[in-house]
Amino acid sequence: MSRMLVLDGDVTREMIRERRHLGQDRHDEVWDGVYIMPPMPSNFHQDIVSDFTTVCNEVVKHPGLGRVQPGANVSDRRKNWKRNYRIPDVLVVLNEGIAVDCGTHWFGGPDFLIEIRSPDEDPDDKLPFYGKIGVREVLVVDRDSRAMQLLRLEDGQLVVVEPTTWRKQQWLRSEVLPLAFRRIVVRGNGPQVLVRRTDGEKSAWHV
């Protein structure tokens, strides 16, 4: 991926104004004062986000356990939050979670995040920030291959969770949500993520 560093403040401000005018800034972020302009997610990327949002709504929002949002501002500060924030693809804030709704953004870590890895964007760069603000778990899903990593907060850092045996197969099991994730290949449809509930309910989804 090519990168561009613009040192002229007037040019930078004009680029940001133009992006806002065209509605292209919805996924822009600021990392410690550095304005980040990611590529617009593809339709395929957004379909995956929509499917995961549906799953999280089913197990969290509908039973009244918390809130689910497909993309929202997450910062490490209440005021001047626009100096440092990220926008995950999907976030879950449970009723007992630490994240504070500031109206414009969430202050502190949501309980569960999903990041979709696309060819021009690597969510691994966001993981130190997510660990610092106390995100309990992050599921990273490759857009094309559906390869996954589940990371869990330990001593202020997000560490990779190893698959565990469940239903006689290897799954990534969340400790935050009643969900388990497994990559499968469906003939004619390619790789998918199979998502199952782990709380006794029989619901399952293909993403």
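What you are looking at is a predicted structure, and each value in this text was computed from that prediction instead of being measured.

Moving on, we get to the overall build of the protein. Across its full length, the protein carries 3 helices and 17 strands. Per-residue burial for the protein yields a buried fraction of 43% across its 207 residues. Sequence separation of 24 or more characterises 49% of the internal contacts of the protein that already satisfy a separation of 6 or more. Roughly 11500 Å² of accessible area belongs to the protein as shown, and the carbon and sulfur atoms make up 47% of that amount.

When strand 11 (residues 148-154) meets strand 12 (residues 157-160), the two strands line up antiparallel, connected through 4 bridges. Paired with R152 across the two strands is V159, which belongs to strand 12. Counted between consecutive antiparallel strands, the loop separating strand 11 from strand 12 contains 2 residues, among which D155 sits at a positive phi close to 55°.

This part covers unusual backbone geometry. Although it is not a glycine, N80 sits at a positive phi angle of roughly 50°. For N80, the position within the fold is in the loop between strand 4 (74-75) and strand 5 (85-86). For N80, a relative accessible area of 62% gives the class exposed. Phi is positive for D155, which is not a glycine, with a value near 55°.

Core analysis: the biggest nonpolar cluster contains 28 residues, and F52, F112, L139, L177, F181 and V195 have the highest contact counts within it. Secondary structure elements with two or more residues in this core: helix 2 (43-61), strand 6 (90-94), strand 9 (112-117), strand 10 (137-142), strand 11, strand 15 (179-186) and strand 16 (190-197). When residues of this core are assigned to their parent elements, the largest contribution, 7 residues, is made by helix 2. V74, L91, A99 and Y130 belong to the second largest nonpolar core, which has 16 residues in total.

What follows covers the sheet that holds strand 17 (residues 204-206). Taken together, 5 strands build an open sheet; the order of strands is 13-14-15-16-17 and the sheet is antiparallel. Looking at strand neighbours, the two that pair on one side only are strand 13 (164-166) and strand 17, the edges of this open sheet. For this sheet, the mean inter-axis angle between neighbouring strands, taken without regard to orientation, is 40°. Relative to strand 14 (residues 169-173), strand 13 is paired through 3 bridges, and the arrangement is antiparallel. Each bridged residue has a counterpart across the sheet, and for T165 the counterpart in strand 14 is Q170. Sheet strands in contact with helix 2 are strand 15, strand 16 and strand 17, and its direction is about 5° off that of strand 16.

Reading the values: the criteria
Residues numbered from 1 in each chain as written. Predicted model: local features only at pLDDT ≥ 70, side-chain atom pairs only at ≥ 80, totals over all residues. Heavy atoms only, no water. Helix = DSSP H or I, 4+ residues; strand = E, 2+ residues; numbered from the N terminus. Buried < 20%, exposed > 50% of the residue type's maximum accessible area, 1.4 Å probe, protein only. Contact = heavy atoms within 4.5 Å. Areas by Shrake-Rupley, 256 points an atom, 1.4 Å probe, with all protein chains shown as cover. Pairing = 2+ DSSP bridges. Core = buried A, V, L, I, M, F, W, Y, C linked by side-chain atoms within 4.5 Å. Axes fitted to C-alpha atoms, helices over the stretch in contact; angles between N-to-C directions.

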